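Fold and geometry: a report
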Amino acid sequence: MKATPAKQLVGKRVSPDAAYRLEQQVGYILRQASQRHAAIFAERIPGQLTTTQFSTLVRLQEVGPCSQNKLGRLTSMDGATIKGVTDRLIQRGFVEATVDPEDGRRRVLALTPAGLDVVARAIPAALEITAQTLAPLSDEEREQFVKLLKKLR
């Protein structure tokens, strides 16, 4: 029986294409930068919030009570993700859910007093987190970096 090419490579070192270097690839670099930011965020954000929980709380503060579906769109989260995030925020007492009086199938979400408090404490920390994340860059580089990232979304 003839060995397949994959089986022939098992246990052998394969030389990568000379033009490809992992450490120069945008996805690899973005992941490293994201991991650095996530570590800074986790260390400094009050209330042990995740980045998605923080985004959800901030959007609710900005727009006031809204449907879960709309909140998902406003935070760039799919339906399953926003449901999980809001369920955890409800369990923690930061968000309350009520039935929409105009559509009984819809859930309206709003910040609780505890949610308002944690957002008030988290926003100043988030500003510091952003500053620490971007600290290796000059003011001009920070502005350009954010501008370029926005072009990629």
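Up top is the structure these notes are about.
These numbers were taken from a predicted model, which means no experiment stands behind them.

**Overview of the overall build of the protein**
Along its length, the protein carries seven helices and three strands. In the protein, the succession of helices and strands from N to C terminus is α-α-α-β-α-α-β-β-α-α. Counting all 153 residues of the protein, 27% fall into the buried class. As presented, the protein carries roughly 11000 Å² of accessible surface, and 55% of it is formed by carbon and sulfur atoms.

**Quick notes on the pairing of strand β3 (residues 103-111)**
The pairing of strand β1 (residues 66-67) with β3 spans two bridges and is antiparallel. If you follow S67 over to β3, its bridge partner there is V108.

**Overview of the nonpolar core**
A general trend in soluble globular proteins is that nonpolar side chains are found buried together. With 24 residues, the main nonpolar core has I45, L49, F54, L57 and V95 as its most contacted residues. Considering each element in turn, this core owes the most residues, six residues, to helix α6 (residues 113-133). Look past the residues within four positions of I45 in its chain and what remains in contact with it is F54, A122, A125, A126 and I129.

About the thresholds
Within every chain, residues take consecutive numbers counted from 1 along the sequence as written. In keeping with the predicted nature of the model, local features appear solely for residues at pLDDT of at least 70, side-chain atom pairs appear and are counted solely at 80 or more, and the whole-chain, interface and lining totals rest on all residues. To obtain the side-chain values, all non-hydrogen atoms of the structure were included, while hydrogens and water were left out. Helix and strand definitions follow DSSP, with helices as H or I runs of at least four residues and strands as E runs of at least two, each counted in order from the N terminus. Under the scheme applied here, a residue whose accessible area is under 20% of the maximum for its type counts as buried, over 50% as exposed, and between as partly exposed, the area being computed with a 1.4 Å probe on protein chains only. The method behind every accessible area is Shrake-Rupley, applied with a 1.4 Å probe, and residues are considered shielded solely by the protein chains displayed. For two strands to pair, DSSP has to find at least two bridges joining them. Joining through side-chain atoms within 4.5 Å is the link that ties buried Ala, Val, Leu, Ile, Met, Phe, Trp, Tyr and Cys residues into a set, and such a set is a nonpolar core. The criterion used for residue contact is that any of the two residues' heavy atoms lie within 4.5 Å.

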